[in-house]
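Chain by chain, the residues:
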Amino acid sequence: MASSTEPTRDESKAPLNFIEEIIEEDLRSGRHSSIQTRFPPEPNGYLHIGHAKSICLNFGLAQKYGGKCNLRYDDTNPTSEEQEYVDSILADVRWLGFEPDQVLYASDYFDQLYEWARVLVSKGLAYVDFSTPEEIAAQKGSPTVPGTPTPYRNTPPEENLALLERMKNGEFPDGHCVLRAKIDLASPNMHLRDPYMYRIKHARHHRTGDKWCIYPMYDWAHGQSDSIERVTHSICTLEFAPHRPLYDWFIEQLGIFPSKQYEFARLNLTYTVMSKRKLLQLVQQGYVSGWDDPRMPTISGLRRRGYTPESIREFAQRVGVAKRENIIDVSLLEFCIREDLNRRAPRRFAVLHPLRLVITNYPEDQVEWLETENNPEDPQAGYRTVPFSRELYIEREDFLENPPPKYFRLYPGGMVRLKSAYIVECTGVQKDDYGQITAVLCRYIPESRSGADTSGLKVRGTIHWLSAAHAQTAEVRLYDRLFQVEDPSSEEDFKKALNPNSLQILPNALVEPALLETQPGDHFQFTRLGYFCTDPDSTPAKPVFNRTVTLKDTWAKEAQKQRN
RNA sequence: UGGCCCAUGGUGUAACGGUAGCACAGCAGAUUUUGGUUCUGUUUGUCAGGGUUCGAAUCCUUGUGGGCCAACCA
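Presented here is a report on the structure given in the accompanying data block.

Looking at the overall build of chain A
The helix and strand tally for chain A stands at 14 helices and 25 strands. Against the 2.2 N^0.38 benchmark of 24 Å for 564 residues, chain A shows a C-alpha radius of gyration of 31 Å, more extended than a compact globule. With the principal axes as the frame, chain A shows a C-alpha extent of 100 × 70 × 45 Å. Counting all 564 residues of chain A, 52% fall into the buried class. Put simply, 70% of the contacts in chain A that link residues at least 6 apart link residues at least 24 apart. Taking the average location of the 68 positive side-chain charges in chain A and that of its 79 negative ones, the two points are 3 Å from each other.

Looking at the protein's contact with RNA strand B
The environment of RNA strand B is made up of 67 residues, and the closest members are Glu21, Tyr196, Arg324, Arg347 and Ser450. Protein-proximal atoms of RNA strand B, defined as those within 4 Å of the protein, fall in sugar or phosphate at a share of 65%. At a separation of 3.3 Å, a sugar or linking oxygen of RNA strand B approaches a polar side-chain atom of Asp74. Between a base nitrogen of RNA strand B and a main-chain N or O atom of Lys406, the distance comes to 2.8 Å. Among the secondary structure elements, those contributing two or more residues to the surface near RNA strand B are β6 (196-200), α12 (309-319), α13 (330-344) and α14 (554-563). Its residues assigned to classes, the surface near RNA strand B shows 24 nonpolar, 20 polar and 23 charged.

Observations concerning the environment of Cys177
Topologically, Cys177 is positioned in the loop between α7 (157-168) and β5 (178-181). Other than its neighbours up to four places away in sequence, Cys177 contacts Val128, Asp129, Phe130, Met167, Phe172 and Ile200.

Notes on the sheet that holds strand β3 (residues 103-105)
Taken together, three strands build an open sheet; the order of strands is β1-β2-β3 and the sheet is parallel. With one partner strand each, in any of the chains shown, β1 (36-39) and β3 form the two edges of the open sheet. Taking the axes of each pair of neighbouring strands and ignoring which way they run, one obtains an average angle of 35° across the sheet. Relative to β3, strand β2 (residues 68-73) runs parallel, the two sharing three bridges. By the bridge assignment, Tyr73 is partnered in β3 with Tyr105. Sheet strands touched by helix α3 (residues 49-64): β1 and β2. Its angle to β1, the strand with the most contacts, is close to 160°. Seen against the sheet, helix α4 (residues 83-95) touches β1, β2 and β3 and runs at an angle of roughly 160° to β2.

A word on α13
For α13, built from 15 residues, the straight-helix expectation of 21 Å at 1.5 Å per residue is met to within 8% by its first-to-last C-alpha distance of 22 Å. Looking at the buried positions of α13, the neighbouring elements they touch are α11 (299-305), α12, β10 (347-348), β23 (523-526), β24 (530-534) and β25 (544-550).

As for the packing of aromatic side chains
With the rule as written, the count across this model stands at 24 aromatic pairs. Their ring planes at 70° and their centres at 5.5 Å tell us that Trp249 and Phe250 sit as a pair that is edge-to-face. With relative accessibility at 1%, the residue Phe250 sits in the buried group. Ring centres 6.2 Å apart and planes at 80° place the aromatic pair Phe524 and Phe545 in the edge-to-face group. In this pair, Phe524 is assigned in strand β23 and Phe545 in strand β25, connecting sequence segments 21 residues apart. Just as Phe524 is buried, Phe545 falls in that class too. Taken together, the ring pairs in this structure connect Phe349, Tyr362, Phe388, Tyr422, Tyr444 and Trp465 into an aromatic cluster. Above the face of the Phe349 ring, Arg384 is positioned so that its terminal group lies 5.5 Å from the ring centre.

Section: the side chain of Asp226
Among the structural elements, Asp226 can be located in helix α8 (residues 222-228). There is a polar contact of 2.7 Å between the side chain of Asp226 and the side chain of Tyr247. Not counting the four nearest positions on each side in its chain, Asp226 is found in contact with Arg38, Arg72, Val231, Ser234, Tyr247 and Ser259.

Quick word on α7
Taking 1.5 Å per residue as the helical rise, α7 with its 12 residues ought to reach 16 Å, and the 16 Å between its terminal C-alpha atoms agrees with that figure. Along α7, the residues that are buried comprise Asn160, Leu161, Leu163, Leu164 and Met167. Looking down the long axis of α7, one finds its buried residues gathered within 165° of arc, a one-sided arrangement. In this fold, the buried residues of α7 make contact with α5 (110-122), β4 (126-129), β5, β6 and β7 (214-216). Where α7 ends, the next residue or the one after it, Gly170, has phi of about 80°, a positive value.

A closer look at the nonpolar core
Residues Ile49, Ile55, Val93, Leu269 and Phe315 are the most contacted members of the largest nonpolar core, which totals 39 residues. Put simply, the parts of the chain that give this core at least two residues each are α3, β2, α4, α11, α12 and α13. The dominant element in this core, judged by the number of residues it contributes, is α3, at six residues. The contacts of Ile49, once residues within four sequence positions are left out, are Leu267, Leu269, Met274, Pro297, Ile299, Leu302, Ile312 and Phe315. Judged by nonpolar contacts, the second largest core, of 37 residues, contains Leu125, Leu164, Cys213 and Leu246.

Observations regarding the packing of α5 against helix α9 (residues 244-254)
The angle between the axes and the distance between the axes are what describe a pair of packed helices. Interaxial distance between α5 and α9 falls to 10 Å at its minimum, and their mutual angle equals 80°. The orientation of α5 relative to α9 falls into the category roughly perpendicular. Here Trp116, Val119 and Leu120 of α5 lie close against α9, whose contacting residues are Trp249, Phe250, Gln253 and Leu254. Here the residues of the contact of α5 with α9 are counted per class, giving six nonpolar, one polar and no charged.

A word on the packing of α5 against α7
Between α5 and α7, the shortest axis-to-axis distance is 8 Å and the interhelical angle comes to 155°. Between α5 and α7, the angle is such that the two are roughly antiparallel. For the pair α5 and α7, the crossing hand works out as right-handed. On α7, the residues that touch Tyr114, Ala117, Arg118, Val121 and Ser122 of α5 are Pro157, Asn160, Leu161, Leu164, Glu165 and Lys168. Tallied by class, residues from the contact of α5 with α7 come to six nonpolar, two polar and three charged.

A short note on the sheet that holds β5
Within a beta sheet, neighbouring strands are joined by backbone hydrogen bonds and run either parallel or antiparallel to one another. Read from one edge of the open sheet, four strands run β4-β5-β6-β7, paired in antiparallel fashion. Each end of this open sheet is capped by a strand with a single partner; those strands are β4 and β7. Along the sheet, successive strands turn relative to each other by an average axial angle of 20°, direction set aside. In the packing of α7 onto the sheet, contacts are made with β4, β5, β6 and β7, and the angle to β4 comes to roughly 60°.

Thresholds applied
Residues numbered from 1 in each chain as written. Chains lettered and ligands numbered in written order. Predicted model: local features only at pLDDT ≥ 70, side-chain atom pairs only at ≥ 80, totals over all residues. Heavy atoms only, no water. Helix = DSSP H or I, 4+ residues; strand = E, 2+ residues; numbered from the N terminus. Rg over C-alpha atoms; globule rule 2.2 N^0.38 Å. Buried < 20%, exposed > 50% of the residue type's maximum accessible area, 1.4 Å probe, protein only. Contact = heavy atoms within 4.5 Å. Lys, Arg positive; Asp, Glu negative; His and termini not counted. Charge placed at Lys NZ, Arg CZ, Asp CG, Glu CD. Near = heavy atom within 4 Å. Polar contact = N/O pair within 3.5 Å; in protein donor to acceptor, adjacent residues only side chain to side chain. Nonpolar A, V, L, I, M, F, W, Y, C, P; charged D, E, K, R; others polar. Pairing = 2+ DSSP bridges. Axes fitted to C-alpha atoms, helices over the stretch in contact; angles between N-to-C directions. Expected span 1.5 Å × (residues − 1). Phe/Tyr/Trp six-rings, centres within 6.5 Å; stacked < 30°, edge-to-face > 60°. Lys NZ or Arg CZ within 6 Å of the ring centre and 35° of its normal. Arc of directions from axis to C-beta. Core = buried A, V, L, I, M, F, W, Y, C linked by side-chain atoms within 4.5 Å. Parallel < 35°, antiparallel > 145°, perpendicular 65-115°, else oblique. Left-handed = near helix turned anticlockwise from the far one by under 90°.

Keep in mind these values describe shape, not function.
Next up, the structure:
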């Protein structure tokens with residue numbers, strides 16, 4: 001064994017979050033020799049960026065400390081769960097870059113759970129209650145008023161055992177009775193006032209079919225599932241903190257592996273909503289095209305929007321883990337994707353709002369194929385050629401007849417560099433009968449060609465362009481934030497805060513020829529415009545690109561300031 | 001007015017009784033054939049009162065503010 005000259009790792013110096021501190025202490029004290037975590041979604045919807053935080057946390061912890069992390073579906077409520085969601089969840093976890101040690105289901109443990117329920121019943125710690133939900137609610141009391149027992153609380157264990165069996169055997173209709181744990185009706189913690197363990201639902205389960213008509217409640221499944229899997233650190237969000245005493249109670253009464261629950265603050269993002277209920281509404285009521293609409297905060301939406309797994313993992317890292325309620329500025333997410341794509345995305349020319357530009361002193365039939373870099377951040381990315389000719393398209397906003405101060409794009413009498421090509425000087429404009437500019441007229445400086453510039457000219461502005469004869473039509477979808485307010489959830493009706501301009505479709509944008517060979521999921525930077533990716537709707541005949549995020553635009557800010 | 005959790009710049013997050021730091025955002029400048037990138041500089045903070053201590057963001061206490069909990073949801 002070579003003696004270690006291992007350099008001090010940054011990791012060991014990096015500050016730990018509170019869960020890492022707990023884990024390191026558990027490892028140091030010998031409480032655990034390795035850790036086991038789990039990501040436990042209910043398959044009743046698509047995963048969103050908040051789940052991504054949990055996934056990165058659970059899988060990340062396992063990776064960091066040499067432990068294991070399972071994916072476990074919390075499929076205890078057959079009426080809201082579907083195979084479609086099961087499939088999408090695993091796909092999203094994998095896309096994020098994590099492979100579960102095991103893929104498991106709470107429903108794997110239904111038999112074991114039933115046996116354990118019998119154990120508690122036998123010990124007089126659970127009973128079958130035939131009261132109506134209304135009666136039980138009334139008898140539960142309130143946080144300041146202790147509950148009172150229902151008449152069924154003192155049924156002898158043998159009788160309860162028989163009753164439970166009859167429940168299981170389907171002898172009672174839905175809602176006829178429930179199994180409750182017998183704990184403490186006066187507890188200030190409402191979860192301890194004889195919580196439900198089983199309810200009757202004659203419903204087909206997506207995995208167990210019709211085998212069961214009683215299904216365990218969350219509290220009677222989660223901790224037990226954790227324990228069965230020997231989960232050492234069961235990490236969940238803050239709203240489950242009041243459940244912890246119950247989580248511990250079941251484990252203690254059963255004398256099974258003592259998993260421990262720890263709670264952290266869930267992720268919130270500005271200008272979006274995160275609750276599955278609200279996201280479901282957006283989908284079902286047609287405000288978005290589906291769970292994977294690029295404006296959705298779902299993993300599948302972000303993926304379609306052009307976010308990369310790396311950017312999302314980086315984001316999860318940067319937001320940290322703590323117990324304080326938070327709302328993360330979406331600009332941090334945007335920073336993460338820009339940072340990633342800036343390094344990797346090939347640059348391409350595209351003109352979203354075309355304006356014709358004619359170089360009057362350039363030969364009519366001439367075409368030059370000019371070299372331009374694929375990515376200035378990455379020399380390995382190499383070069384490609386783009387066609388240059390007498391008639392071009394430039395971006396409409398790159399020309400102004402009456403430029404404001406500090407505008408250094410094109411204007412009458414002004415000069416600008418056409419990226420990777422020539423410097424041109426605007427000599428005039430053509431207008432239609434309505435006074436609309438139909439073309440910008442320029443003369444070019446032949447000795448100013450990029451890479452061989454002997455003109456000695458210096459210009460402030462460089463703009464992108466496309467040769468009119470070679471430009472290809474593409475559909476470009478411009479996405480903006482879904483909501484107009486920072487925290488839509490705090491609105492009376494969050495749907496009223498929807499941004500009416502969150503999607504703008506440009507059916508006739510123009511792109512350079514190289515973009516015809518694109519595949520769905522490809523990422524690009526459209527030079528000077530932003531990062532875009534190819535949508536699944538894209539075909540060779542009609543490419544479709546989604547704008548992931550704009551480039552930072554300090555000129556837009558400056559122009560805005562001038563307007564104010 | 002029950003129980004539990006939380007409180008550090010605009011937003012997050014560190015500081016584990018000893019100089020309040022980092023990131024994003026903002027602002028200013030340099031570089032730039034992307035008004036991008038990169039680099040430099042910079043504005044802004046310990047909820048309040050009391051206590052312990054040589055020393056408190058940190059410990060204690062009271063208050064204030066916020067969040068969660070009384071689904072046959074998870």
